[in-house]
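# Descriptive structure summary
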Amino acid sequence: MKTAKITEVFFSLQGEGPYVGTGHVFVRFAGCNIKCRYCDTQKQRYKEYDVKALIFKVKNLLSEHKAGYLSLTGGEPLLQAEFIFDFLKKARLKKTCVYLETNGILYDNFRMVLGLMDVVSLDIKLPSAAKTKAFWAEHREFLKLCIGKKVFAKAVITVSTVNEDIRKLVRMLKEIDKTIPLIIQPDFNGMGQKLVNKAMRFQKYALQYLTDVRVIPQVHRFLNIR
Ligand code: SF4
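Report follows, based on the coordinates.

Each value, and the rule that gives it
- As a convention, each chain's residues are numbered from 1 in the sequence order in which they are written.
- For this predicted model, a pLDDT threshold of at least 70 governs which residues receive local features, and a threshold of 80 or more governs which side-chain atom pairs are given and counted, while totals over whole chains, interfaces and linings are taken from all residues.
- Buried Ala, Val, Leu, Ile, Met, Phe, Trp, Tyr and Cys residues whose C-beta atoms connect them within 7 Å together make up a nonpolar core.
- Here a residue counts as buried when 20 or more other C-beta atoms fall within 10 Å of its C-beta, as exposed when 12 or fewer do, and as partly exposed in between; the C-beta atoms come from the backbone.
- A run of H or I in DSSP counts as a helix once it spans at least four residues, and a run of E counts as a strand once it spans at least two, with each numbered from the N terminus.
- Whether two residues are in contact is decided by their C-beta atoms, placed from the backbone, lying within 7 Å.
- Note on definitions: a residue is near a molecule or strand provided its C-beta atom, placed from the backbone, lies within 6 Å of it.
- Three categories are distinguished: nonpolar for Ala, Val, Leu, Ile, Met, Phe, Trp, Tyr, Cys and Pro, charged for Asp, Glu, Lys and Arg, and polar for the others, with Gly belonging to the last.
- In this scheme, strands are said to pair when DSSP sees at least two bridges between them.
- Axis definition: a line fitted to C-alpha atoms, over the contacting stretch in the case of helices. Angles run 0 to 180 degrees between N-to-C directions.
- Roughly parallel refers to an angle under 35 degrees, roughly antiparallel to one over 145, roughly perpendicular to one between 65 and 115, and oblique to any angle outside these ranges.
- Whether a crossing is left-handed or right-handed is set by the direction in which the near helix is turned from the far one by less than a right angle, anticlockwise for left-handed and clockwise for right-handed.

With that settled, the discussion passes to the nonpolar core. In a soluble, globular protein the nonpolar side chains are often hidden away together inside. Grouped together as the largest cluster of nonpolar side chains are 54 residues, with contacts concentrated most on Leu122, Ala155, Ile157, Leu182 and Ile184. The element that contributes the greatest number of residues to this core is helix 2 (residues 81–91), accounting for 6 residues. Every residue in contact with isoleucine 184, bar those within four places of it in the chain, is listed here: Ala155, Ile157, Ala199, Phe202, Gln203, Val213 and Val215.

Attention now goes to the site of the ligand. Taken together, Cys32, Ile34, Lys35, Cys36, Cys39, Thr41, Gln42, Gly74, Gly75, Glu76 and Asn103 make up the full set of residues adjacent to the ligand. A class-by-class count of the residues in the shell around the ligand yields 4 nonpolar, 5 polar and 2 charged.

Strand order in the open sheet formed by 9 strands is 3-1-2-4-5-6-7-8-9, with mixed pairing between adjacent strands. Each having just a single partner strand, strand 3 (47–50) and strand 9 (213–215) make up the two edges of the open sheet. In this sheet, neighbouring strand axes are inclined to one another by 30 degrees on average, regardless of whether the strands run parallel or antiparallel. Examined bridge by bridge, strand 5 (residues 97–102) and strand 6 (residues 119–124) share 4 bridges and lie parallel to one another. Directly across from tyrosine 99, in strand 6, lies its bridge partner valine 119.

To continue, consider the packing of helix 1 (residues 51–65) against helix 2. Orientation of helix 1 relative to helix 2, taken along the N-to-C sense of each, is 55 degrees, at an axis distance of 10 Å. Put simply, helix 1 runs oblique to helix 2. For the crossing formed where helix 1 meets helix 2, the hand is right-handed. Along its contact with helix 1, which presents Val51, Leu54, Ile55 and Val58, the element helix 2 presents Asp86, Phe87, Lys90 and Ala91.

Shown next, in the form of structure tokens:
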């Protein structure tokens, strides 16, 4: 793949998950293979980048902000896995931690770039929250490939998230590796006491089977940054 469709390349603070607050250069890839109800990135315009232009832009931002992380996000970045492979091979970012944010469905594409990733943030799609079909089998295959890597699972919950989805998620993680951290992320748009209570109830349930379960909202939304 000679070029990639990219909506933006920018520096900001990581706003989600256990790395919250660390400085990242984000490369946001355009396009996604699914359509979640709460998605806020689907209609963004994109620009075509070739590998050389992206390396130049990324390296400048990493150096300008003394950033330790490069975040490949989307959309679904793995739709453009071939380009990511070329880009990372040529960029040789030895001192930078490469962080992949993925919906954890395209496990075949993931195999191509697996060895080049340092951290994987795997967004589990709960059908009752995302209003998509279930992807349990795909998530399971994907997670199995992540064993031995720094990985965590993240699940957005909304007021419509049902207990059964959480039960399935916890069972899957427990069977694969109960030490994989689970981040429960209350949907920012539906934030309120009811949703926070629900998140805490799910956390209490999950902690019976998993070793690390945290409730972390989207901090960048509170800080009003990208
Ligand atoms: S997986 Fe992510 S980018 Fe794709 S539709 Fe869902 S929220 Fe949007």
